[in-house]
Amino acid sequence: VRELRVHIPQREYSIFIGAGILKASGALLRQCSNAAKAAVITDENVLPLYAAVVEDSLRHNGFAPATVVVPAGELSKSADVLLRVYDGLLAMELTRSDLIVALGGGVVGDLAGYAAATYLRGVPFAQMPTTLLAQVDSSVGGKVAVNLPHGKNLIGAFYQPKMVITDTGTLDTLPPRVFADGMGEIIKHGAIADASLFAVLESGHWDREEIIYANCDIKRRVVEADEYDTGGRMVLNFGHTFGHVIETADGFARYTHGEAVAIGMVMAAEFGERLGVTAAGTAARLKHVLTRYQLPIETDMACDLRTMLLDKKRSGGKLHLVLLRDIGKAAIHPFAVAELEKLL
Ligand SMILES: NC(=O)c1ccc[n+]([C@@H]2O[C@H](COP(=O)([O-])OP(=O)(O)OC[C@H]3O[C@@H](n4cnc5c(N)ncnc54)[C@H](O)[C@@H]3O)[C@@H](O)[C@H]2O)c1
Ligand SMILES: [Zn+2]
């Protein structure tokens, strides 16, 4: 088992990474919690796979567990489902000295985390991420949120967990496309911050736990330097501005988030190369590694890149694009809207 400490003043916590560690989750949680009750929030897919092992371990360590189940999928990050989660917490009479556990992918993590941040003005919570994306990305950093009909993550908070317990064994049951989705963010982390990680991904010879640890470590560094997302944390958006154009044009139907980001990263690298900001050959390396992990590198869908300028046009602001200088080095470039319109 590997342990990574996240140093956020007054709210330091550990991320434990290992195969099969859900069995020890109750014992691990006792390191950070005196709770009598634990509400395990999970979704319908994860429930039959992993809820029992977590509940048993909680019980063995003196927690009284109760499970709140939500439907699987992004639609559960809604105000409606959030209210149902609060109902579940009330029904078990959960108090502020108890604990909320998010057992599932990024949807459950964001939803349960937001419920934890707001129920009774805040209840301690722990993350047990079960998708690759959640293990390397959404469970680290303390962003929790639900969506509004108007857009994603419009209601949210910065709320750090007390602990993250990452059982890499849970990845064995992931559908291949959900696994590939997480690979998109892993490749992104290598591209923006770690050339040697990127090279290991290119080689194809790597150990799952080691890669997940390395990715959490990259995200940890970025988040520690900019917890509230006012500057440096923006590098994590590499490929996301272009990717978002694809997700929007596609109506969130054909491509997963990771797939849209994959195409977005290639677009950003090609754009950077055209401007002379990004080292020649960078887009080619990205395409090669994305293809290796079953991610797309281009789309035949008509998508107008200028749509990403619409909001900025109205507000008259600058658009900040994350571009690579080279593999492993990202930089934030502000563009005036008119300038970018010409370049695109
Ligand atoms: N908070 C953040 O910093 C942050 C960062 C990135 C993404 N996100 C959010 O994360 C969400 C996406 O997360 P996701 O990709 O994990 O999606 P998800 O939670 O919907 O999980 C994907 C699918 O896999 C299933 N599943 C989960 N674990 C499984 C397992 N071990 N075996 C089999 N099936 C399993 C789920 O039921 C679901 O059907 C989005 O809402 C996004 O906004 C948040
Ligand atoms: Zn992303």
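One structure accompanies this document, and this report is about it.

About the thresholds
- Residues numbered from 1 in each chain as written.
- Chains lettered and ligands numbered in written order.
- Predicted model: local features only at pLDDT ≥ 70, side-chain atom pairs only at ≥ 80, totals over all residues.
- Heavy atoms only, no water.
- Buried < 20%, exposed > 50% of the residue type's maximum accessible area, 1.4 Å probe, protein only.
- Helix = DSSP H or I, 4+ residues; strand = E, 2+ residues; numbered from the N terminus.
- Pairing = 2+ DSSP bridges.
- Donors = N, O, S within 2.8 Å, 3.2 Å for Na, K, Ca; no water.
- Axes fitted to C-alpha atoms, helices over the stretch in contact; angles between N-to-C directions.
- Contact = heavy atoms within 4.5 Å.
- Near = heavy atom within 4 Å.
- Polar contact = N/O pair within 3.5 Å; in protein donor to acceptor, adjacent residues only side chain to side chain.
- Areas by Shrake-Rupley, 256 points an atom, 1.4 Å probe, with all protein chains shown as cover.
- Nonpolar A, V, L, I, M, F, W, Y, C, P; charged D, E, K, R; others polar.
- Core = buried A, V, L, I, M, F, W, Y, C linked by side-chain atoms within 4.5 Å.

Considerations on the pairing of strand S2 (residues 13–18)
Part 1: The buried fraction of S2 is high, at 6 of 6 residues.
Part 2: The side-chain alternation of S2 yields two buried faces, one formed by Tyr13, Ile15 and Ile17 and the other by Ser14, Phe16 and Gly18.
Part 3: As paired elements, strand S1 (residues 2–6) and S2 share 5 bridges and run antiparallel to each other. Residue pairing for S2: arginine 2 is matched across the bridge by isoleucine 17.
Part 4: Taken together, S1 and the strand that follows it, S2, pair antiparallel across an intervening segment of 6 residues, in which glutamine 10 is found at a positive phi of about 70°.
Part 5: Across 5 bridges, the pairing between S2 and strand S9 (residues 163–167) is parallel. Residue pairing across strands places phenylalanine 16 opposite isoleucine 165, the latter belonging to S9.

Some thoughts on the coordination of the zinc ion (ligand 2)
Part 1: Coordination of the zinc ion (ligand 2) by the protein involves Glu185 (OE), His240 (NE2) and His257 (NE2), with metal-donor separations of 2.1 Å.
Part 2: Read in sequence order, the donor residues coordinating the zinc ion (ligand 2) give the pattern E-x54-H-x16-H. You can see glutamate 185 sitting in helix H6 (residues 176–193) and its partner histidine 257 sitting in helix H10 (residues 257–275), a full 72 residues away along the chain.
Part 3: On the basis of relative accessible area, histidine 257 is assigned to the partly exposed category, the value being 29%.

Quick look at the sheet that holds S9
Part 1: Read across the sheet, 7 strands follow the order S1-S2-S9-S6-S5-S3-S4 without closing on themselves; strand pairing throughout is mixed. Of all the strands in the sheet, the pair left with one neighbour each is S1 and strand S4 (64–70). Sheet twist, expressed as the mean angle between neighbouring strand axes with direction ignored, is 20°.
Part 2: Docked against the sheet, helix H3 (residues 79–91) engages strand S3 (37–43), S4 and strand S5 (99–104), running at close to 160° with respect to S4.
Part 3: Here helix H4 (residues 106–118) sits on the sheet in contact with S3, S4, S5 and strand S6 (125–129), set at roughly 165° to S5.

What to know about the site of ligand 1
Part 1: Close to ligand 1 lie 26 residues; Asp43, Glu74, Thr130, Thr131 and Thr173 are nearest.
Part 2: Between ligand 1 and glycine 106, the relevant distance is 2.8 Å, taken from an oxygen atom to a main-chain nitrogen or oxygen of the residue.
Part 3: The contact in question runs from an oxygen atom of ligand 1 to an N or O atom on the side chain of threonine 131, over 2.6 Å.
Part 4: Relative to its free-state accessible area of 860 Å², ligand 1 is covered by the protein chains to the extent of 85%.
Part 5: Only helix H2 (46–60), H4, helix H5 (132–138), strand S8 (151–158) and H6 provide two or more residues apiece to the shell around ligand 1.
Part 6: Residues that form the shell around ligand 1 fall into these classes: 8 nonpolar, 9 polar and 9 charged.

Quick word on the nonpolar core
Part 1: Counting residues in each nonpolar core, the largest one holds 64 residues, and the members touching the most others are Ile15, Ile187, Leu201, Phe238 and Leu286.
Part 2: Those residues within four positions of leucine 201 in sequence are excluded, and the remaining contacts are Met183, Ile186, Ile187, Trp206, Ile211, Val289, Arg292 and Tyr293.
Part 3: Among the nonpolar cores identified, the runner-up in size contains 25 residues, and Ile41, Val70, Leu89 and Leu111 belong to it.

Brief notes about unusual backbone geometry
Part 1: In this structure, aspartate 229 takes a positive phi of about 60° despite not being glycine.
Part 2: Within the secondary structure layout, aspartate 229 lies in the loop between helix H8 (208–225) and helix H9 (240–249).
Part 3: Exposure remark for aspartate 229: the relative accessible area of 31% places this residue in the partly exposed category.
Part 4: We note that glutamine 294 has phi near 60°; this positive angle belongs to a residue other than glycine.

Notes on the environment of leucine 120
Part 1: Relative to the helices and strands, leucine 120 is located in the loop between H4 and S6.
Part 2: Between the C-alpha atom of leucine 120 and that of glutamate 55, which follows or precedes it by 65 residues, the distance is 23 Å.
Part 3: What leucine 120 contacts, discounting residues up to four positions off in sequence, is Leu94, Thr95 and Arg96.

Spatial relationships are all this shows, so hold off on functional conclusions.
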